Amino acid sequence: MTKPTNTTSHEATIADELALNPDHHEHHEHHIPKGMMRWVLTTNHKDIGTLYLWFAFIMFLVGGAMAMVIRAELFQPGLQIVQPNFFNQMTTVHGLIMVFGAVMPAFTGLANWLIPMMIGAPDMALPRMNNWSFWILPFAFAILLGSLFMEGGGPAFGWTFYAPLSTTYSNDSTGLFVFSVHIMGISSIMGAINVIVTIFNMRAPGMTWMKMPLFVWTWLITAFLLIAVMPVLAGAVTMVLTDKFFGTSFFDAAGGGDPVMFQHIFWFFGHPEVYIMILPAFGIISQIVPTFARKPLFGYASMVYATASIALLSFVVWAHHMFTTGMPVYMEMFFMFATMLISVPTGVKVFNWVATMWRGSMTFEVPMMFALAFIVLFTIGGLSGLMLAITPVDFQYHDTYFVVAHFHYVLVTGAIFSIMAAVYYWLPKWTGRMFNITLAKWHFWCSLVSVNVLFFPMHFVGLAGMPRRIPDYSLQFADFNQWISIGGFAFGLSQLIFLALVIQACRKQGEPVSDRVWDGAHGLEWEIPSPAPYHTFETPPVVK
Amino acid sequence: MSGRASNQNMVIRLVVIVVGMFGFGFALVPLYDVFCDVAGINGKTATTAAVYQPNQIDKSRLITVEFLTRTNTGMPWEFQARTKRLKVHPGELTTVEFYVRNPMRTNYIAQAIPSVSPGEAAIFLNKTECFCFNQQPLAAGDEAVMPMSFYVDPQIPADISYFTVQYTLYDVTARADTLDTKDNPYLKRTSATP
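Fair warning: this is a prediction, and the values are worked out from it, not measured in the lab. (Residues numbered from 1 in each chain as written. Chains lettered and ligands numbered in written order. Predicted model: local features only at pLDDT ≥ 70, side-chain atom pairs only at ≥ 80, totals over all residues. Heavy atoms only, no water.)

A. Layout of the overall build of chain A. The helix and strand inventory of chain A stands at 17 helices and 0 strands. For 544 residues, the compact-globule formula gives about 24 Å, and the C-alpha radius of gyration of chain A, at 23 Å, lands near that figure. Along the first, second and third principal axes, the C-alpha atoms of chain A reach 70 × 55 × 45 Å. Burial analysis of chain A (544 residues in total) assigns 62% to the buried set. Intrachain contacts of chain A at a sequence separation of at least 6 include 82% that bridge at least 24 residues. A total accessible area of about 20000 Å² is found for chain A, and carbon and sulfur atoms account for 71% of it. Taking the average location of the 22 positive side-chain charges in chain A and that of its 27 negative ones, the two points are 10 Å from each other. (Helix = DSSP H or I, 4+ residues; strand = E, 2+ residues; numbered from the N terminus. Rg over C-alpha atoms; globule rule 2.2 N^0.38 Å. Buried < 20%, exposed > 50% of the residue type's maximum accessible area, 1.4 Å probe, protein only. Contact = heavy atoms within 4.5 Å. Areas by Shrake-Rupley, 256 points an atom, 1.4 Å probe, with all protein chains shown as cover. Lys, Arg positive; Asp, Glu negative; His and termini not counted. Charge placed at Lys NZ, Arg CZ, Asp CG, Glu CD.)

This is the structure:
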């Protein structure tokens, strides 16, 4: 049993491995540490990637269970199952968990697994920090979930924690909320630093910038967004903390502060944050579509530049979340047009994916099915986003279910579908076995149908004026809400198929796969054996 | 290759960015005020008295000014504008009065915070005297009539013909510097206290 080393450099890991196992290419399994402590002490990028992905999946199910409570309460008008205060806690914690506990850790897990394999590096640049950045996460979410059991309940002010809801009108569990967000922020910042250093310093010889796979590119840009805005979020929660407990007046008008300023600071973080949750998805789709269209990606360079422009624009559009706060018209115009401008680079991406498929020899394996669903459904979410960007109509849509429909299309059928596509695409490489294709197709079709039953009618009830974050609604919304809830329950149950499939795959059931797995796949990760050995690219490959 | 050294260099640089951005989050607080001040877009009025310059009255225009009052949650005072709405010529000095009463059995100290909407009008509202410039103490049961004198800057854009001034009264008793309730210049003693 190998003990993890004290050094943080990858050279040491390789040296240890070579010393202990000279014939390491044949007998990888023998020196993988066994038992629980392997996972606690690991500095291996693949182990940490696996930990992140399982953690994200568990959080996805926990946050999903909260969504089920929300949909059960909204199945009928009136109050049936939960009290408004608990309902508010469910909407708040559902949002926090899905954003910080499911989507972001899942992308970080994919980054850990894939970036070293894609750029020909033996591990992440800072493996010990990598271990830390994962292992503080469960504590953050234990604190957040634990606060639900405090007297008066957990956070109930929405995941956006607007002041004064989170300062004057919140209960004492707000302190726990603030600390858990601090820990989540530190974790993502450490993860981002690791990604940046790895990509800058550890690319294999010949892996020039413009040869990097798009997943690596999009993650690099995402990592820069993370280190730029997660500290601002940390500042915002700190101000809430001191306003609430230490008598400062950042957001209290009586003391000279300004509650609207909270929204500016929050959304200065919040808007780049939504791109943090979608840029890696663009990278994943840009890996999958060329594989199953059997053509190189159309417009590689334009994809890179489009990603960078989306990231830059994301810093100057934040106030479109707050059109109704009484901004002057010229500022509303600025934020409206800046927001609409983002649809240009996003459109470049969508058209590039379509052009990649154009006259390709397309096949429809499960990852491709999810990728295609992503392209169509994410575009629907993008178009409703364009509608929301139009200031005058936003006054009608603001805080209605139309907004809920919009961001669930971009986050569930966007980010989550891309993560599922990624899992189906790379899972055979990770386990060395083909997953259960029948189950996977059931998962795809059940998810596809139910997710649209769930989120599409939200557009209609939103346009008709149903407000978000309220446990009750007017009678005329009853029929649509029953459909939405049925879709919600079906989507929730469909994810149990996915759970069963992933457990099967992790137990190494299924047909062994070849090294390349998919015949159209290109990239360094497909050159190594399946399953991917515990250590890869100890000798850097040469990229031509 | 000096892999570890260059990793360390990079980590240091990235940590500097992180710390800098954390500081930037806090720097947004003063920056926000400065920006709103310069652009005059936040509906906030000046916190010190303006000096009235007569003979600039623009008789050709009439601006409607509306006064709203509200008390913040947990603030038990009565608070009313004696004048709900009036029309003024730009440049004309006008005084309006606000009535407050502390119906409680304890002394309170209040702070009024004005907000103008549309926000662009705020920098054209010049107050030569306002109860909002100071904290207002009232003993139990006391009432007061508080004046506010203002003129509208004749430079006010032509498209603003109507604006609203809202005063929100906050209870600042807990955090106020101790003010003697007898110091209140606007006091109208009607309570039991002689």
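The rest of the description comes next.
B. Molecular detail of empty space enclosed by the protein. Residues and elements named next belong to chain A. The final tally for this structure, using the stated rule, is 2 cavities of 30 Å³ or more. The calculated volume of the largest cavity comes to roughly 130 Å³. Looking at the lining of the largest cavity, the elements that each hand over two or more residues are helix H4 (84-119), helix H7 (174-201) and helix H8 (214-245). Looking at which element gives the most residues to the lining of the largest cavity, the answer is H4, with 5 residues. (1 Å grid on protein atoms, 1.4 Å probe; cavity = no way out; pocket = protein on both sides within 12 Å on 5 of 7 lines; lining within 4 Å. Points joined across faces, edges and corners; volume = space filled by probe spheres on them.)

C. Examining the side chain of Ser 188 of chain A more closely. Residues and elements named next belong to chain A. In this structure, Ser 188 sits in helix H7. Of note is the side chain of Ser 188, whose polar atom sits 2.8 Å from the backbone oxygen of Met 184. Each residue touching Ser 188, except ones within four places of it in the same chain, is listed here: Met 104, Leu 226 and Met 230. (Polar contact = N/O pair within 3.5 Å; in protein donor to acceptor, adjacent residues only side chain to side chain.)

D. A look at the pattern of salt bridges. In total, this model carries 7 salt bridges over all chains according to the counting rule given. As a salt-bridge pair, Asp 47 of chain A and Arg 38 of chain A come within 2.5 Å of each other at their nearest N and O atoms. The exposure class assigned to Asp 47 of chain A is buried, which follows from its relative accessible area of 2%. By relative accessible area, Arg 38 of chain A is classed as buried at 19%. The salt bridge partner of Arg 82 of chain B is Glu 97 of chain B, with a shortest N-O separation of 3.9 Å. Here Arg 82 of chain B, found in the loop between strand E2 (78-81) and strand E3 (85-88), pairs with Glu 97 of chain B, found in strand E4 (residues 94-101); they are 15 residues apart in sequence, far enough to count as distant. The exposure class of Arg 82 of chain B is partly exposed, given its relative accessible area of 46%. (Salt bridge = Lys/Arg side-chain N within 4 Å of Asp/Glu carboxyl O.)

E. Local environment of a nonpolar patch on the surface. Residues and elements named next belong to chain A. A cluster of nonpolar side chains, Phe 200, Trp 209, Met 210, Phe 224 and Tyr 305, forms an exposed patch at the surface whose accessible area comes to about 470 Å². Note that Trp 209 resides in the loop between H7 and H8. What makes Trp 209 partly exposed here is its relative accessible area of 30%. (Patch = residues over 30% accessible without salt bridge, like charges linked within 9 Å, V, L, I, M, F, W, Y side chains within 5 Å.)

F. Highlighting the domain arrangement of chain B. As far as domains go, chain B holds domain 1 (1-39) and domain 2 (63-188). Once you take the C-alpha centre of each, domain 1 of chain B and domain 2 of chain B turn out to be 41 Å apart. (Domains from an automatic or database assignment.)

G. Inspection of the interface of chain B and chain A at higher detail. Between chain B and chain A, the residue contacts involve 32 residues of the former and 38 residues of the latter. When chain B packs against chain A, the two sides together hide about 2800 Å² of surface, and 70% of this comes from carbon and sulfur. Connecting chain B to chain A are 0 salt bridges. Of all the secondary-structure elements, those providing two or more residues to the side of chain B that touches chain A are helix H1 (3-39) and strand E5 (108-117) of chain B. Considering each element in turn, the side of chain B that touches chain A owes the most residues, 20 residues, to H1 of chain B. Broken down by class, the residue content of the side of chain B that touches chain A amounts to 20 nonpolar, 8 polar and 4 charged. (Buried area = accessible area lost by both parts, 1.4 Å probe. Nonpolar A, V, L, I, M, F, W, Y, C, P; charged D, E, K, R; others polar.)

H. Fine view of the pairing of E4 of chain B. Residue and element names in this part refer to chain B. Here E2 runs beside E4; their pairing, made up of 4 bridges, is antiparallel. Counterpart to Ala 81 in the pairing with E4 is Phe 98. Here 8 bridges tie E4 to strand E8 (residues 143-152), and the two strands are oriented antiparallel to one another. Bridged to Thr 95 within E8 is Ser 149. (Pairing = 2+ DSSP bridges.)

I. Region of the structure containing the state of the cysteines. Residues and elements named next belong to chain B. Tallied over the entire structure, the rule returns 1 disulfide over all chains. At a sulfur-sulfur separation of 2.4 Å, the disulfide partner of Cys 130 is Cys 132. For the disulfide bridge between Cys 130 and Cys 132, the dihedral angle about the S-S bond is near 130 degrees, and by the sign convention the bridge is right-handed. You can call Cys 130 buried: its relative accessible area is 3%. (Disulfide = S-S within 2.5 Å.)

J. Structural detail: the packing of aromatic side chains. All names here are of chain A. Summed over the entire model, instances satisfying the criterion amount to 62 aromatic pairs over all chains. A cation sits over an aromatic face here: Arg 38 above Trp 39, 4.2 Å from the ring centre. The ring of Phe 245 has Lys 244 sitting right over it, with the charged end atom 5.5 Å from the ring centre. (Phe/Tyr/Trp six-rings, centres within 6.5 Å; stacked < 30°, edge-to-face > 60°. Lys NZ or Arg CZ within 6 Å of the ring centre and 35° of its normal.)

K. Just helix H15 (residues 401-431) of chain A, in detail. All names here are of chain A. The sharpest bend along H15 measures roughly 40 degrees and falls at Tyr 425, with the proline Pro 428 sitting one to four residues further on. Among the 31 residues in H15, 30 count as buried, and that is most of the element. Near the N-terminus of H15, the side chain that reaches the backbone nitrogen of Phe 402, with its oxygen 3.1 Å away, is that of Thr 400. Remark: Gly 432 follows H15 within two positions and exhibits a positive phi of approximately 80 degrees. (Bend = angle between axes of the 7 residues up to and from the residue.)

L. Seen up close, the sheet that holds strand E9 (residues 162-171) of chain B. Residues and elements named next belong to chain B. Pairing is mixed across the open sheet formed by 5 strands, whose spatial order is E3-E1-E9-E5-E7. On the outer flanks of this sheet lie E3 and strand E7 (136-138), each paired with one strand and no other. The mean angle between the axes of side-by-side strands here comes to 30 degrees, regardless of whether they run parallel or antiparallel. Bridge count for strand E1 (residues 63-71) against E9 is 8 bridges, and the pairing is parallel. Looking at the pairing, Val 65 lines up with Phe 163 of E9. (Axes fitted to C-alpha atoms, helices over the stretch in contact; angles between N-to-C directions.)

M. Representation of the nonpolar core. Among the nonpolar cores identified, the biggest contains 196 residues, and Phe 100 and Phe 141 of chain A are the most heavily contacted of them. Those residues in contact with Phe 141 of chain A that lie beyond four places of it in its chain are Phe 55, Met 59, Leu 96, Ile 97, Phe 100, Gly 101 and Met 184 of chain A. Counting residues in each nonpolar core, the second largest holds 37 residues, with Met 75, Met 148, Ile 156 and Leu 169 of chain B among its members. (Core = buried A, V, L, I, M, F, W, Y, C linked by side-chain atoms within 4.5 Å.)

N. Geometry of the environment of Gln 111 of chain B. You can see Gln 111 of chain B is positioned in strand E5. Remark: the alpha-carbon pair of Gln 111 of chain B and Gln 136 of chain B, spanning 25 residues in sequence, is separated by 6.2 Å. Those residues in contact with Gln 111 of chain B, other than ones at most four positions away along the chain, are Ala 254 of chain A together with Cys 132, Asn 134, Gln 135, Thr 168, Leu 169, Tyr 170 and Val 172 of chain B. A distance of 3.0 Å separates a polar side-chain atom of Gln 111 of chain B from the backbone oxygen of Cys 132 of chain B.

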